[in-house]
Amino acid sequence: SVKSNAVLALEKLMEKSGKFDYVLIETTGLADPGNIGQTFWLDEGLSKLYLDGIVTLCDAFNFNKTLQEAGGKVTECERQVALADVVILNKLDLIDTTTRDTVT
């Protein structure tokens, strides 16, 4: 569940250390940013934290392939990009300009 190790760790840090300027949470490539973001609004223990934004790292080399293989279904990749405040594209050096235009 989302209220797993990350939430418990943040709650413990806040109890011991008090106020933080920023907390950065890095997740795996398949994490749902919606569920993680929702945790900050719904968990009473994290009520003093403010979700400033969601940053998504996107693999430009595999992006189109991932979407094509989904066969029209909404992918985790699309969901992550849709919920992101900032999208960082990596592997741009591995694609041609035509592909780059479709990704960006």
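Because the structure is predicted, anything quoted here is derived from the model rather than measured.

1. Digging into the pattern of salt bridges
If the charged atoms of two oppositely charged side chains come close together, the side chains can form a pair. One pass over the structure, following the stated rule, counts 2 salt bridges. For Arg-79, the salt bridge goes to Asp-32, with nearest N and O atoms at 3.0 Å. Of this pair, Arg-79 sits in helix α4 (residues 76–83) while Asp-32 sits in the loop between α1 (5–17) and α2 (33–42), and the two are 47 residues apart along the sequence. A relative accessible area of 35% means that Arg-79 is categorised as partly exposed. For Asp-32, a relative accessible area of 18% puts it in the buried group. Asp-59 is the partner of Lys-91 in a salt bridge, and the nearest nitrogen-oxygen pair spans 3.1 Å. Placement of the pair is Lys-91 in the loop between β2 (86–90) and α5 (97–103) and Asp-59 in strand β1 (residues 55–59), with a sequence separation of 32 residues. The partly exposed category is assigned to Asp-59, whose relative accessible area is 23%.

2. What to know about the environment of Thr-75
Looking at where Thr-75 falls in the secondary structure, it is placed in the loop between α3 (63–69) and α4. On the basis of relative accessible area, Thr-75 is assigned to the buried category, the value being 13%. For the pair Thr-75 and Leu-30, spaced 45 residues apart in sequence, the C-alpha separation works out to 9.9 Å. In this view, Thr-75 contacts Thr-66, Leu-67 and Ala-70; residues no more than four positions away in its chain are not counted.

Parameters and conventions
- Residues numbered from 1 in each chain as written.
- Predicted model: local features only at pLDDT ≥ 70, side-chain atom pairs only at ≥ 80, totals over all residues.
- Heavy atoms only, no water.
- Salt bridge = Lys/Arg side-chain N within 4 Å of Asp/Glu carboxyl O.
- Helix = DSSP H or I, 4+ residues; strand = E, 2+ residues; numbered from the N terminus.
- Buried < 20%, exposed > 50% of the residue type's maximum accessible area, 1.4 Å probe, protein only.
- Contact = heavy atoms within 4.5 Å.

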